[in-house]
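Architecture and fold: a report
Read off the chains here:
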Amino acid sequence: GDVIDLLTLSLGQHTLTVYAVDYAGNEASKSVTFTVEATMESLKVTLERLYDEGKIDGEGLYKSLMVKLVQAEKRKSMNTAINVLQAFMNELEAQSGKHITTGAANLLLADVQYVIDHIE
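Reading the values: the criteria
Residues numbered from 1 in each chain as written. Predicted model: local features only at pLDDT ≥ 70, side-chain atom pairs only at ≥ 80, totals over all residues. Heavy atoms only, no water. Helix = DSSP H or I, 4+ residues; strand = E, 2+ residues; numbered from the N terminus. Rg over C-alpha atoms; globule rule 2.2 N^0.38 Å. Buried < 20%, exposed > 50% of the residue type's maximum accessible area, 1.4 Å probe, protein only. Contact = heavy atoms within 4.5 Å. Areas by Shrake-Rupley, 256 points an atom, 1.4 Å probe, with all protein chains shown as cover. Core = buried A, V, L, I, M, F, W, Y, C linked by side-chain atoms within 4.5 Å. Salt bridge = Lys/Arg side-chain N within 4 Å of Asp/Glu carboxyl O.

**Quick look at the overall build of the protein chain**
Within the protein chain, the secondary structure is distributed over 4 helices and 2 strands. From first element to last, N terminus to C terminus, the protein chain shows the α and β order β-β-α-α-α-α. Taking 120 residues into account, the globule formula puts the C-alpha radius of gyration at 14 Å, and the protein chain, at 18 Å, lies well above it. In terms of overall dimensions, the protein chain has a C-alpha envelope of 60 × 35 × 20 Å along the principal axes. Taking all 120 residues of the protein chain together, the buried fraction comes to 31%. Considering only contacts within the protein chain whose residues lie at least 6 apart along the sequence, 52% involve residues at least 24 apart. Within the structure as shown, the protein chain displays about 7800 Å² of accessible surface, and the carbon and sulfur contribution to it stands at 51%.

Encoded structure:
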């Protein structure tokens, strides 16, 4: 019945193991390994969620960041997309601790760096 919020997990590989014991004392376990990755789409979803949760306190900042993500997604050139994402990072760093919580900024910075590192 527990819910794991994947947004709280770091990027990379994770293993989830579930243990069960029935009334007769029989035990079983099952593990599944999965990888948390960031994508352009996940960046937009995360940005929206952080705004909805109040971790980004200005609509103007939220919209400015979202526009950059949309622009980066539409770029045909890998270099142009990276430049737009770096502008996104610069804005995050400038607003961290001011209009975006430090934790939210750090989460987005890690995710956008992952996307930059994996752009094809």
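We are not done yet, so read on.
**A few points about the nonpolar core**
Here is a general trend for soluble globular proteins: nonpolar side chains tend to be buried in one another's company. Leu47, Leu85 and Ile100 are the most contacted members of the largest nonpolar core, which totals 28 residues. Taken together, the elements giving at least two residues each to this core come down to helix H1 (40-52), helix H2 (59-74), helix H3 (78-95) and helix H4 (102-117). Element by element, the count of residues in this core is highest for H4, at 9 residues. Among all residues touching Leu85, those that are not within four sequence positions of it are Met40, Leu69, Ala72, Val112, Val115, Ile116 and Ile119.

**Describing the pattern of salt bridges**
Here the structure, examined in full by the defined rule, presents 7 salt bridges. Salt-bridge contacts for Arg49 lead to Asp5; the nearest nitrogen and oxygen are separated by 2.4 Å. Placement of Arg49 in helix H1 and of Asp5 in the segment before strand S1 (12-21) is noted, with a sequence separation of 44 residues between them. A residue is classified by how much of its surface remains accessible, and Arg49, at 31% relative accessible area, is partly exposed. On the basis of relative accessible area, Asp5 is assigned to the partly exposed category, the value being 27%. Residue Glu53 pairs with Arg49 through a salt bridge whose shortest N-O separation is 2.7 Å.

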